[in-house]
Amino acid sequence: MSQRTLRIPLAFGALFVLSVAAFIAGLLIGQGDLGDPRLRDTLLDLRLSRAAVAYLAGAAHAVGGVLVQGFFRNPLASPSILGTTAGASLGGQLAIMVFNLFLASTLAGYIVPEMFLSVGCMVGAAASLILLMAIVGRRRDLIFLLLTGFILSSLFLSVGSFLFALAQDSWELSRAVVAFSFGGVAGSGPRQVAFALPLVVSGVVVASLLSKRLDLLLSGEDEAQSLGVNVDDVRFMCILWTSVLTAGAVSVGGNVAFVGLVVPHALRPIVGVEHRFLVPASALAGGCFLVLCDIVSRLPQHEIPLGVVTGLVGAPVFLLLLVRARRRGTYG
Amino acid sequence: MAERPPTSEPCAVSVRGVHVTLRKHVALRDVTFEATYGTITAVLGPNGAGKTTLLKSMMGLLPYAGAIEIGGVELGALSYRQRAERLAYVPQRSALDAPLSVATVVGHGRYAHQTRLSLIPEERRTIERALAATDIADLAERSYLDLSDGEQRRVLVARALATGARVLLLDEPTASLDISHALALFRLLRRLTQDGMCVIIVLHDLNDALSFTDRAILLDRGLVVAQGATGEVIAEQPIRQVYGLEPSTEPRLCFRLPEP
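How each quantity is defined
- Residues numbered from 1 in each chain as written.
- Chains lettered and ligands numbered in written order.
- Predicted model: local features only at pLDDT ≥ 70, side-chain atom pairs only at ≥ 80, totals over all residues.
- Heavy atoms only, no water.
- Helix = DSSP H or I, 4+ residues; strand = E, 2+ residues; numbered from the N terminus.
- Rg over C-alpha atoms; globule rule 2.2 N^0.38 Å.
- Buried < 20%, exposed > 50% of the residue type's maximum accessible area, 1.4 Å probe, protein only.
- Contact = heavy atoms within 4.5 Å.
- Lys, Arg positive; Asp, Glu negative; His and termini not counted.
- Charge placed at Lys NZ, Arg CZ, Asp CG, Glu CD.
- Areas by Shrake-Rupley, 256 points an atom, 1.4 Å probe, with all protein chains shown as cover.
- Pairing = 2+ DSSP bridges.
- Axes fitted to C-alpha atoms, helices over the stretch in contact; angles between N-to-C directions.
- Phe/Tyr/Trp six-rings, centres within 6.5 Å; stacked < 30°, edge-to-face > 60°.
- Lys NZ or Arg CZ within 6 Å of the ring centre and 35° of its normal.
- Expected span 1.5 Å × (residues − 1).
- Polar contact = N/O pair within 3.5 Å; in protein donor to acceptor, adjacent residues only side chain to side chain.
- Salt bridge = Lys/Arg side-chain N within 4 Å of Asp/Glu carboxyl O.
- Buried area = accessible area lost by both parts, 1.4 Å probe.
- Parallel < 35°, antiparallel > 145°, perpendicular 65-115°, else oblique.
- Left-handed = near helix turned anticlockwise from the far one by under 90°.
- Nonpolar A, V, L, I, M, F, W, Y, C, P; charged D, E, K, R; others polar.
- Core = buried A, V, L, I, M, F, W, Y, C linked by side-chain atoms within 4.5 Å.
- Patch = residues over 30% accessible without salt bridge, like charges linked within 9 Å, V, L, I, M, F, W, Y side chains within 5 Å.

Enquirer: Would you take a moment to explain the overall build of chain B for this structure?
Expert: Scanning chain B from terminus to terminus reveals nine helices and ten strands. Since a compact globule built from 260 residues should have a radius of gyration of about 18 Å, the 18 Å found for chain B is in line with a globular shape. Structurally, chain B occupies a C-alpha span of about 55 × 45 × 40 Å along its principal axes. When each of the 260 residues of chain B is scored for burial, the buried share is 52%. Long-range pairs, those at least 24 residues apart, make up 67% of the contacts in chain B between residues at least 6 apart in sequence. Charge centroids of chain B, computed over 29 positive and 30 negative side chains, lie 5 Å from each other.

This is how it looks when you write it as structure tokens:
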């Protein structure tokens, strides 16, 4: 058996074991005494939901990262860096405001607020990706891509702040917007798991089905098309399913950066660049990564926001990648 | 000379009155030619003549006005997969910059044929045949990025062969090849035409065109200046008109591959 064929099953075995270990750690570590029989069941329920939501959000961010990196043929692309996460977050804020101001009184019995939030996030993410692709087009200029993503991200965050300022007239509304904007998985329950699960699972399945086409796109759009790939279809599918995955992640975990960048980057040297391995491995590793980051976030007396922990890990990795890309100009 | 297919078979490629405009610049004007199965056709011309544009238009990679038919079917009526089953394209240089293995890159040529039910051993045999035909079987597990320019070029030819298409478009395939592999490539192309394929090849070396191709199209600033049998196209008048060169009759040392 060749080194490569042995390495991949070993990597998947390790990721399964790590996933189980991360879940167990997520159940055991945190504020509150599990030894107290009156609290144990409640604490375990809360921590289980929290770990499940973190795992789903991490998987979604990581696979979303693989999709945009594959489509843009750039390992520095990720939903958070390209403004997709900020777009989803802005869409979510808008959805909360529209629901609370106009629909809550009339549609409260028919629409579940979380569903409206997910749709808002999806529309925001899709709009940001379409805007990015319209601006960047077929250019492969890394700096242009990153700067456009940065500008879009800043724009969406500014509009989000403006919305927050508008929402301050209503205490309840501003509280809902703030809670969503800060993100995190602290208050997650089975309801959040139920909403994120279908979005994330369907996103991962579709991304796996796109694997072959994303592999061919590594040779560029012209060559992929000459080999039989309908590039416009792949572009549409990437926009749609990155939006679904980002919406699934942001609607339950808020604006968490860098997961989609760090996880696929760490996996490429182990499982290679072929998407049939990279997509499922990223889903497993992304889940583990965010569960572990969430555990770290609740270690101090006062909990740190989840995005701060991922940022502390992700920012140095991003800088390292940027320096390497400048030196080598190659993929991965 | 290659065997000609039965006359009832439609032209492999028929290009009629094709215009291509790129960023307000007219790259091809009223280009008309035909290529039949069993022949090698050279596309000649100086830099900027429109040779690559012509190949890309024939692949449907550039918008064009006019008519292009592949095997008697209008290009626009074919889906991307159907085009890839009929036409294979070897670019001047691949944009691939990911460390995929050579076997994987060649396997990409099978994409248009693959379904969820494709038999893996059959696919593997096709890939192995393409690797062997281009003399890169020993490189199968190497990373594409670790290869020399010439080796990478042979991988791209193998990928095109793996498609199983009967029309092969090659854009300067000998540009980075040593003389031995360049001659081997021409021998391979000749064998493919003897099996009934149609090869259209962009070449800069007029001597290679004279030695290894049956027909030629000479382009200059997007216009067809001459077309026909290669020996008639590479003649004093059109070459002087397009390149401003005088013919040379100096004897020169030539090389060929030993007989197999």
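Enquirer: Hey, could you run me through the overall build of chain A in this one?
Expert: A count of helices and strands for chain A gives 13 helices and zero strands. Order of helices (α) and strands (β) in chain A, N terminus to C terminus: α-α-α-α-α-α-α-α-α-α-α-α-α. For chain A, the C-alpha radius of gyration of 20 Å lies close to 20 Å, the compact-globule estimate for 332 residues. In chain A, of all internal contacts separated by at least 6 residues, the share reaching a separation of at least 24 is 79%. Accessible area for chain A stands at about 14500 Å²; split by element, carbon and sulfur atoms hold 70% of it. Across chain A, the centroid of the 22 positively charged side chains sits 9 Å from that of the 17 negatively charged ones.

Enquirer: Sorry if this is basic, but what is going on with the pairing of strand E6 (residues 87-90) of chain B here?
Expert: Successive residues of a regular strand alternate their side chains across the two faces of the sheet. All names here are of chain B. Residues Leu87 and Tyr89 of E6 are buried on one face, and the alternating residues Ala88 and Val90, pointing to the opposite face, are buried as well. Note: E6 against strand E7 (residues 167-171), four bridges, orientation parallel. By the bridge assignment for E7, Ala88 is matched with Leu168.

Enquirer: Quick question: what am I supposed to make of the sheet that holds E6(B) here?
Expert: Sheet strands line up and pair through hydrogen bonds in the backbone, either parallel or antiparallel. All names here are of chain B. Reading across from one edge, E6-E7-E8-E3-E9-E10 is the order of the six strands in this open sheet, with mixed pairing throughout. The two strands at the open ends of the sheet, each matched to only one other strand, are E6 and strand E10 (223-229). Along the sheet, successive strands turn relative to each other by an average axial angle of 15°, direction set aside. Judged from the four bridges that link them, strand E3 (residues 40-44) and strand E9 (residues 215-220) form a sheet pairing that is parallel. Across the sheet, Thr41 pairs through a bridge with Arg215, a residue of E9.

Enquirer: When you look at the packing of aromatic side chains in this model, what are you seeing that I'm missing?
Expert: Ring pairs (aromatic) are described by centroid distance and by the angle formed between their planes. Scanning the model with the defined rule gives four aromatic pairs over all chains in all. Ring geometry for Phe23(A) against Tyr55(A): centres 5.5 Å apart, planes inclined by 45°, an arrangement best described as tilted. Taken together, the residues span a long stretch of sequence, with Phe23(A) in helix H1 (residues 3-28) and Tyr55(A) in helix H2 (residues 37-72) at a distance of 32 residues. Among the residues examined, Phe23(A) registers a relative accessible area of 23% and is labelled partly exposed. Tyr55(A) sits in the buried class, given a relative accessible area of 14%. Ring geometry for Phe71(A) versus Phe72(A): centroids 5.8 Å apart, planes at 80°, classification edge-to-face. Grouping residues by exposure puts Phe71(A) and Phe72(A) together as buried. Positioned above the aromatic ring of Tyr111(B) is the side chain of Arg81(B), whose terminal nitrogen or guanidinium carbon lies 4.4 Å from the ring centre. Above the plane of the ring of Tyr37(B) lies Arg166(B), whose end atom (NZ or CZ) is 4.0 Å from the centre.

Enquirer: Sorry, what's going on with H2(A) here?
Expert: Residues that lie three or four places apart on an α-helix share one face, since the helix turns once every 3.6 residues. Residue and element names in this part refer to chain A. Between its first and last C-alpha atoms H2 spans 52 Å; for 36 residues at 1.5 Å apiece the expected length is 52 Å, and the two agree. Taking burial as the measure, the 36 residues of H2 include 26 buried ones, the bulk of the element. Where H2 begins, the capping side chain belongs to Asp36, and its oxygen is found 3.0 Å from the backbone nitrogen of Arg38. One or two steps after H2, the chain reaches Arg73, where phi turns positive at roughly 55°.

Enquirer: How should I be thinking about the pattern of salt bridges in this particular structure?
Expert: When the charged atoms of two side chains with opposite charge come close together, those side chains can pair. Scanning all chains against the criterion turns up 17 salt bridges over all chains. With a closest N to O distance of 3.4 Å, Asp220(B) and Arg221(B) form a salt bridge. Glu236(B) is the partner of Arg240(B) in a salt bridge, and the nearest nitrogen-oxygen pair spans 2.9 Å. Taken together, the residues Arg240(B) and Glu236(B), both in helix H9 (residues 236-243) and four residues apart, mark about one turn of the helix. A single salt-bridge network, built from bridges that share partners, covers Arg50(A), Asp294(A), Arg298(A) and Glu303(A).

Enquirer: Honestly, the interface of chain A and chain B in this entry has me stumped. Any pointers?
Expert: A common way to state how big an interface is: give the accessible area lost once the parts meet. Between chain A and chain B, the contact holds 22 residues from the first and 28 residues from the second. Taken over both partners, the interface formed by chain A and chain B buries close to 2200 Å², and the fraction arising from carbon and sulfur atoms is 57%. Summed over the three residues of chain A that lose the most area to chain B, namely Glu223(A), Ser226(A) and Leu227(A), the buried surface amounts to 26% of that side. Remark: the boundary between chain A and chain B carries three salt bridges. Measuring nitrogen to oxygen at the nearest pair gives 3.9 Å for the salt bridge that ties Arg73(A) to Asp97(B). Our count for the chain A to chain B interface comes out at six residue pairs in polar contact (both at pLDDT 80 or more).

Enquirer: Got a minute to help me understand the packing of H2(A) against helix H10 (residues 231-253) of chain A in this structure?
Expert: When two helices pack together, their arrangement is given by the angle between the helix axes and by the axis-to-axis distance. All names here are of chain A. Two numbers describe how H2 lies on H10: the axes approach to 8 Å, and their chain directions differ by 155°. Considered as vectors, H2 and H10 are oriented roughly antiparallel to each other. Considering how the two elements wind past one another, H2 and H10 form a crossing that is left-handed. On H10, the residues touching Val53, Ala57, Ala60, His61, Val63, Gly64, Leu67, Val68 and Phe71 of H2 are Val234, Arg235, Cys238, Trp241, Thr242, Leu245, Ala249, Val250 and Val252. Of the residues belonging to the contact of H2 with H10, the class tally is 14 nonpolar, three polar and one charged.

Enquirer: How should I be thinking about the nonpolar core in this particular structure?
Expert: Grouped together as the largest cluster of nonpolar side chains are 89 residues, with contacts concentrated most on Leu67(A), Phe72(A) and Leu267(A). In terms of residue count, the dominant contributor to this core is H2(A) (15 residues). Leu67(A) has contacts with Ala207(A), Leu210(A), Leu214(A), Cys238(A), Trp241(A), Thr242(A) and Leu245(A), leaving out every residue within four places of it along the chain. Within the second largest apolar cluster, 51 residues are counted, among which are Leu96(B), Ile136(B), Leu188(B) and Leu206(B).

Enquirer: Honestly, a nonpolar patch on the surface in this entry has me stumped. Any pointers?
Expert: Residues and elements named next belong to chain A. Taken together, the side chains of Val20, Ile24, Leu28, Ile29, Val296 and Leu299 define a hydrophobic patch exposed on the protein surface, amounting to about 530 Å² of accessible area. With three residues, the top contributor of residues to the nonpolar patch is H1. Along the chain, Ile29 turns up in the loop between H1 and H2. For Ile29, a relative accessible area of 31% corresponds to the partly exposed category.

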